[in-house]
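Survey of secondary and tertiary structure
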Amino acid sequence: MSIRVARLSYAYRNRAEQALTDISAEFKPGEVTLIAGASGCGKTTLIRCINGLIPQSYTAGRLSGEVTLFGRNNAVMQLAEISQVVGAVLQDPERQIVATEVMNEIAFGLENLGLPRDEIRARIIKTAELLHIEPLLARQTFLLSGGEKQKVALAGVLAMRPRAILLDEPLASLDTASGHEALLLMRELADSGIAIVIIEHRVEDVLEIRPEHCVYMNAGRIVYDGDVPGLMQAVDWREIKLPAPVVIRKIRSRHDQHVEPPVFARTNSAAPPLIEFRGVGFRYEDGPEILHDVSFAVRPGDIMAVIGPNGAGKTTLMKHAIGLNRPSRGLVLIDQQDSRQMSVAQIARTVGYVFQSPSHMLFAPTVREELSFGPHNIGMDKETISANLSRALDAVNLPDSAELAPLAMSFGQQKRISIASILTMSPRVLVMDEPTAGQDYANYTHFMDDIVSRIRADTETGAGYFKALIFITHDLDLAIAYANRIVMVVEGQIAADGAPHEVLRDESLLARSRVRSTSLLKANLGMLDRCQRFMSAARLAGLATLQDGPA
Amino acid sequence: MIAAWRYKPRSTVIQRLDPRARMIFYLCFLFSVFMFWDVRILLLFLLVTVITILAAGLSWRETRRTWLFLGGFISFYALVTLITGQVGGQFYRVEHVIAAIQAPFTLLGWQPTLSISIERIFLALSQLVRVASIAAMTILIPYTFDPALYGITFRRLGLPDKLAFALDLTMRFVPSLSRDFAMTMDAQKARGYELERREGGLAGQARKLAPLLVPVIVHSIISAEEITDAMDLRAFGTQPRTWLRVLKFNRLDYAVVALGLLMLAASAGANLLGYARFWAP
């Protein structure tokens, strides 16, 4: 008995292309299945077909083939029945949690099934014990951290005692330590006899829990179905992020010489700082202090990664650089001017700030209007705006999109439009909060490569070029691949500030900061003597091949 | 930073009451106050409000901003009443003017004059007391009403499952909405957007809000879709549901309900007998 998908095809209403084509697969109890694939490959649609949302909620698409849940065709089951067989944890736990209190959230599905109260209470306690969240039971759901929210969402599903759990990108909003904890839990659940299906493009993280079964999807089809070693062979390392040794081996064995030799910006340490923090402390109104005595300076040529666990104060800190937060103690200088005497709009001429979620800023009917909004606000003239506009669209690789509607674009495109709409203001420092969130590997590698190539430490900059880049991330590998400086924020303080190979060599610092080491970090440490600095796996391989010839 | 976040468990009489009893009393109070324009009786209602506030055990620190805002709002409202002498409806026929203040300028040949009469003063005073008692009583709710109890309270007051749960859902997403709004505001400010800057006429002003409203609305619509999916997947609305929470009426709760109903009946009686009308010395 298992979940069987047979010759499944699906197309959404009003869309010509198929979302799924001829999918057949089996997911067994006691096994962890990893489904990997780039954005738009059909992973989420497959989950909806299994949990019955297609066709029961999405009624208007074209569906063929069948899904059998432990011997029963799901087409003849009610959603209420399916929910007791298959549980689903959606991508954003924030949008799955419906109750104000944790206890009520876990109870929600059971209440809907009309179970007696004693039974509900017993199951809540059992589920909370299993997931080690008893201390959260009386808490308000809104105030939970990302990792806690996910556990609570999972608890709400698990309490219904499903025989299979489907998880849609469960790691997307978690830092590496919380992500790892969540995955260990999945392993435990699988070992207890539940079928676990994880859709994820953080493949390397999932490999740590030894999935028995891997599926690789591309353009709505299953390209590979088998074990882990086979997956490593089948997957293109440019599409899906694989462990660093695998990438290096692949590139070297295939004489894959399309990797450019690395070019890195150098910090101009003689130049005056663009942004400077001097002993900054910060608190919200009467609240406790959340930043303590923070000092650092950003100079031309800096590619600075701000890393640290969820809730460490990274975003709170960087919002000072654009004047959205004002220091309670100390000083923030923008272009050597006290930020307290400047409005956000004035600072925006020097510092461009791209927020994490594009959906919090896109509003205009066309890309052209969206991109003109910022520069118009800060008083740029029409000619400059229109020149900046085409340069910004080139920079994000969407050159012909000026008349399109931003709200109708894919998430990845929206993200790039949100960056372009800051680039048109021609800031000299670009700050990006979690630039890779919600994007697949191929997408973000492409635009990060591009953004980094636009840093000019010494010459004057125009739109599309800037003097320094700062990005906030909880993806350690992103910092390793692109940054020339790492600022580690832990509990509102700067725990370390320096070149990546200096900061990340310190294992006790990583442990204290809840940052988990990665295969890319290990590979870089192993090759540091030869490379002198940190870089991406592809570049490591390229450099090694240049020096030794193909393996 | 609104509604649901302000609630804190406190061991006060008010928070020990059954939420249904509180709701019933609150509604009785509301309708009673609505009936009166006599400031002497309205002062009694204000006294009830003050007692309730004291019993709620809120600290000045946590409520300071709310009270200041409320004070400003009520004073403004009373001032408007004083100047216009209007609150919608005719309350007095004769005015005893005690002072007439003439503006030191003219508008198109018309010299604005503010005449202060005893009636106006008392009308403004009644308005002040009315609005103060109702507003202060209402402001207490988000501070003292457990947001997890709205659904079950109204379910037990007779609303069907789905409607009652919609209230819970609202409470759950109020803070999310306010956070989305704050994030959008920050994102647009970083693009040089300044809400304070005035330009254009009425249409221009409305267009000025688009960068704030469009993202928040679009975000809400997308969230709503996903939340519906999540609820469907957990069997919402397929059959009569159990509510985990159990509410229980105690003797005190009966007393509070009785008090509320008595107040409402007495008010209605006074109203019929003509004791509720506007009064000025």
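Residues numbered from 1 in each chain as written. Chains lettered and ligands numbered in written order. Predicted model: local features only at pLDDT ≥ 70, side-chain atom pairs only at ≥ 80, totals over all residues. Heavy atoms only, no water.

Thoughts on the overall build of chain A
- A tally of regular secondary structure across chain A gives 22 helices and 20 strands.
- Viewed in the frame of its principal axes, chain A has a C-alpha envelope of about 70 × 60 × 50 Å.
- The buried share among the 551 residues of chain A stands at 62%.
- In chain A, 67% of the contacts between residues at least 6 apart in sequence involve partners at least 24 apart.
- When the accessible area of chain A is evaluated, it comes to approximately 21200 Å², of which 49% is carbon and sulfur surface.
- Taking the 57 positively charged and 64 negatively charged side chains of chain A as two groups, their mean positions are separated by 1 Å. (Helix = DSSP H or I, 4+ residues; strand = E, 2+ residues; numbered from the N terminus. Buried < 20%, exposed > 50% of the residue type's maximum accessible area, 1.4 Å probe, protein only. Contact = heavy atoms within 4.5 Å. Areas by Shrake-Rupley, 256 points an atom, 1.4 Å probe, with all protein chains shown as cover. Lys, Arg positive; Asp, Glu negative; His and termini not counted. Charge placed at Lys NZ, Arg CZ, Asp CG, Glu CD.)

Description of the sheet that holds strand S18 (residues 468-472) of chain A
Residues and elements named next belong to chain A.
- On the basis of which strands lie adjacent, the open sheet formed by six strands has the order S16-S17-S18-S13-S19-S20 and mixed pairing. Strand pairing shows two members of the sheet lacking a second neighbour, strand S16 (351-354) and strand S20 (493-498), which therefore form its edges. Along the sheet, successive strands turn relative to each other by an average axial angle of 15 degrees, direction set aside.
- Two strands pair when backbone bridges link them, and strand S19 (residues 485-490) and S20 are joined in this way by five bridges, in the antiparallel orientation. Opposite Val-487, over in S20, you have Asp-497 as the bridge partner. (Pairing = 2+ DSSP bridges. Axes fitted to C-alpha atoms, helices over the stretch in contact; angles between N-to-C directions.)

What to know about the environment of Ala-244 of chain A
Residues and elements named next belong to chain A.
- Its place among the elements puts Ala-244 in helix H10 (residues 244-253).
- We classify Ala-244 as buried; its relative accessible area is 2%.
- Taking the C-alpha atoms as reference, Ala-244 lies 43 Å from Glu-81; in sequence the two are 163 residues apart.
- Apart from the residues lying within four places of it in its own chain, the contact partners of Ala-244 are Ser-519, Leu-520, Ala-523 and Ala-537.

Topic: the interface of chain B and chain A
- Listed as interface residues are 59 residues of chain B and, on the opposing side, 66 residues of chain A.
- Buried area between chain B and chain A, summed over both chains or domains, comes out near 5500 Å², and the portion from carbon and sulfur atoms is 55%.
- Three residues, Arg-191, Arg-234 and Leu-244 of chain B, lead the burial of chain B against chain A; their summed loss comes to 19% of the area buried on that side.
- One can count eight salt bridges joining chain B with chain A.
- Here Arg-245 of chain B makes a salt bridge to Glu-101 of chain A, at a shortest N to O gap of 2.7 Å.
- Inspection of the chain B/chain A interface yields 28 residue pairs in polar contact (both at pLDDT 80 or more).
- Looking at the side of chain B that touches chain A, the elements that each hand over two or more residues are helix H4 (60-84), helix H7 (161-189) and helix H8 (202-232) of chain B.
- Of all the elements, H7 of chain B adds the most residues to the side of chain B that touches chain A, at 16 residues. (Buried area = accessible area lost by both parts, 1.4 Å probe. Salt bridge = Lys/Arg side-chain N within 4 Å of Asp/Glu carboxyl O. Polar contact = N/O pair within 3.5 Å; in protein donor to acceptor, adjacent residues only side chain to side chain.)

A short note on the side chain of Thr-100 of chain A
- Considering the arrangement of structural elements, one finds Thr-100 of chain A in the loop between strand S6 (86-89) and helix H4 (102-112).
- The residues contacting Thr-100 of chain A, other than those within four sequence positions of it, are Arg-139, Gln-140 and Thr-141 of chain A together with Pro-147, Ala-148, Asp-168, Met-171 and Arg-172 of chain B.

So, the pairing of strand S17 (residues 429-433) of chain A
Residue and element names in this part refer to chain A.
- For S17, the tally of buried residues reaches five of five residues, placing the bulk of the element in the interior.
- In this structure, S16 lies alongside S17, joined through four bridges in parallel fashion. Looking at the pairing, Val-351 lines up with Val-429 of S17.
- Relative to S18, S17 runs parallel, the two being bridged by five bridges. Bridge pairing in S18 places Val-429 opposite Ala-468.

Some words on the sheet that holds strand S15 (residues 337-338) of chain A
All names here are of chain A.
- The sheet built from four strands is open, its strands ordered S12-S11-S14-S15 with antiparallel pairing. The outermost strands of the open sheet, each flanked by one partner alone, are strand S12 (289-298) and S15.
- For strand S11 (residues 275-283) and S12, the ladder comprises six bridges, and the chain directions are antiparallel. Bridging from a neighbouring strand, Glu-276 pairs with Ala-297 of S12.

With respect to the packing of helix H15 (residues 411-423) of chain A against helix H16 (residues 441-452) of chain A
All names here are of chain A.
- Remark: H15 packs on H16, axes separated minimally by 11 Å, with the N-to-C direction vectors making an angle of 15 degrees. Regarding the angle of H15 to H16, the classification is roughly parallel. The handedness of the crossing between H15 and H16 is right-handed. Packed against H15, whose contacting residues are Gly-412, Arg-416 and Ile-419, the element H16 presents Asn-443, Phe-447 and Ile-451 at the interface. (Parallel < 35°, antiparallel > 145°, perpendicular 65-115°, else oblique. Left-handed = near helix turned anticlockwise from the far one by under 90°.)

A closer look at the pattern of salt bridges
- Considering all chains together, one arrives at 38 salt bridges over all chains under this definition.
- A salt bridge links Lys-241 of chain A to Asp-477 of chain A; the nearest nitrogen and oxygen atoms lie 2.7 Å apart. Here Lys-241 of chain A is found in the loop between helix H9 (228-234) and H10, whereas its partner Asp-477 of chain A is found in helix H17 (residues 476-482), with 236 residues between them in sequence. As far as the burial class goes, Lys-241 of chain A and Asp-477 of chain A line up, both buried.
- The residue Asp-497 of chain A makes a salt bridge to Arg-485 of chain A at a minimum N-O spacing of 2.9 Å. In this pair, Asp-497 of chain A sits in strand S20 while Arg-485 of chain A sits in strand S19, placing the two residues twelve residues apart along the sequence.
- Several salt bridges converge on common partners, so that one network encompasses Glu-94 and Lys-149 of chain A together with Arg-172, Arg-179 and Asp-180 of chain B.

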